[in-house]
Amino acid sequence: DAMVIQNPRYQVTQFGKPVTLSCSQTLNHNVMYWYQQKSSQAPKLLFHYYDKDFNNEADTPDNFQSRRPNTSFCFLDIRSPGLGDAAMYLCATSVGGRRETQYFGPGTRLLVL
Amino acid sequence: GDSVTQMEGPVTLSEEAFLTINCTYTATGYPSLFWYVQYPGEGLQLLLKATKADDKGSNKGFEATYRKETTSFHLEKGSVQVSDSAVYFCALSENGANNLFFGTGTRLTVIP
């Protein structure tokens, strides 16, 4: 089945230690998104790639970076995680961008000790 | 700017009760509207969507109608089941934007 895959499902890191979260898709979609979802809150878009074009949201901290080496994979890098970065990180894809349905992966829950 | 206002939760219902979760939106153009569901410990799944006024989205017994005159997209189900317990998010996607604007989510608990 075509899908969005996120690994790992749970990630524990230490305060200040860089961490990378992974997302892959078999849908061959052009757009890949990263959302941050804190407990009991709505998902918040961090950035997205339309093909190779990177689009950062204005209020996304510099501590968050992303890479998309090819169509299938996208990575979220947190350079120096703080306690406030503990959250669920959701990857999503869509065929194009505007008004298109987004398909979400299961998420990676990040714990910062 | 674009925004979604969603009914405050949590909502607790008995099995087979009728469900309504209210959602209203603000948008400058003609957005697409979505309901996503998030089961415990999982990511979001698309439940249904509507792309233009008067469209009705439906799936798994859930329905929502895109009402432009009231800028609403209320979620309804005639008879809920325990397995419907989850958090429900209303969202919109605007022309010219790649972002999904989410409401704050409504937690539904269905008790036997």
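Residues numbered from 1 in each chain as written. Chains lettered and ligands numbered in written order. Predicted model: local features only at pLDDT ≥ 70, side-chain atom pairs only at ≥ 80, totals over all residues. Heavy atoms only, no water.

### Details of the packing of aromatic side chains
Selection criterion: Working definition: a ring pair exists when centres of Phe, Tyr or Trp rings (six-membered ring for Trp) sit within 6.5 Å. Plane angles under 30 degrees give stacked, over 60 give edge-to-face, the rest tilted. Accessibility here uses a 1.4 Å probe with only protein chains present; expressed as a share of the type maximum, an area under 20% marks a residue as buried, one over 50% as exposed, and anything in between as partly exposed. Helix and strand assignments follow DSSP, with helices taken as H or I runs no shorter than four residues and strands as E runs no shorter than two, numbered in order from the N terminus.
Overall, the coordinates contain 14 aromatic pairs over all chains when judged by the stated rule. Taken together, a centroid distance of 6.3 Å and an interplanar angle of 15° make the contact between phenylalanine 73 of chain A and phenylalanine 75 of chain A stacked. A relative accessible area of 36% places phenylalanine 73 of chain A in the partly exposed class. With 6.0 Å between their ring centres and 80° between their planes, tyrosine 25 of chain B and tyrosine 66 of chain B make a pair best called edge-to-face. A residue pair is termed long-range when its members are at least 10 positions apart, and tyrosine 25 of chain B in strand β4 (residues 23–26) and tyrosine 66 of chain B in the loop between β8 (62–65) and β9 (75–77) qualify at 41 residues.

### A few points about the layout of surface pockets
Put simply, the rule reads: Every definition here rests on a 1 Å grid over the protein atoms only: cavities are sets of points where a 1.4 Å probe fits but cannot get out, pockets are open sets enclosed by protein on both sides within 12 Å along at least five of seven lines, and lining residues have some atom within 4 Å of a point. Grid points are joined across faces, edges and corners, and a volume is the space filled by probe spheres set on the points. Following the grouping adopted for this structure description, the nonpolar residues are Ala, Val, Leu, Ile, Met, Phe, Trp, Tyr, Cys and Pro, the charged ones are Asp, Glu, Lys and Arg, and the polar ones are all others, Gly among them.
Considering only enclosed or pocket space, the largest pocket measures out at about 430 Å³ in volume. For the largest pocket, the lining is made up of 21 residues, of which Gln37 and Ser40 of chain A together with Gln38, Val87 and Arg107 of chain B are closest to its centre. Within the residue set of the lining of the largest pocket, elements represented by two or more residues are β10 (86–93) and β12 (106–111) of chain B. Residue composition of the lining of the largest pocket, by class: 6 nonpolar, 10 polar and 5 charged. In this structure, the second largest pocket encloses a volume near 300 Å³. As for the second largest pocket, its lining consists of 15 residues, of which Val4, Phe104 and Gly105 of chain A together with Leu44 and Gln45 of chain B are closest to the centre. Contributions of two or more residues to the lining of the second largest pocket are made by β10 (103–104) of chain A together with β6 (44–50) of chain B. Looking at the lining of the second largest pocket residue by residue, the classes come out as 10 nonpolar, 4 polar and 1 charged.

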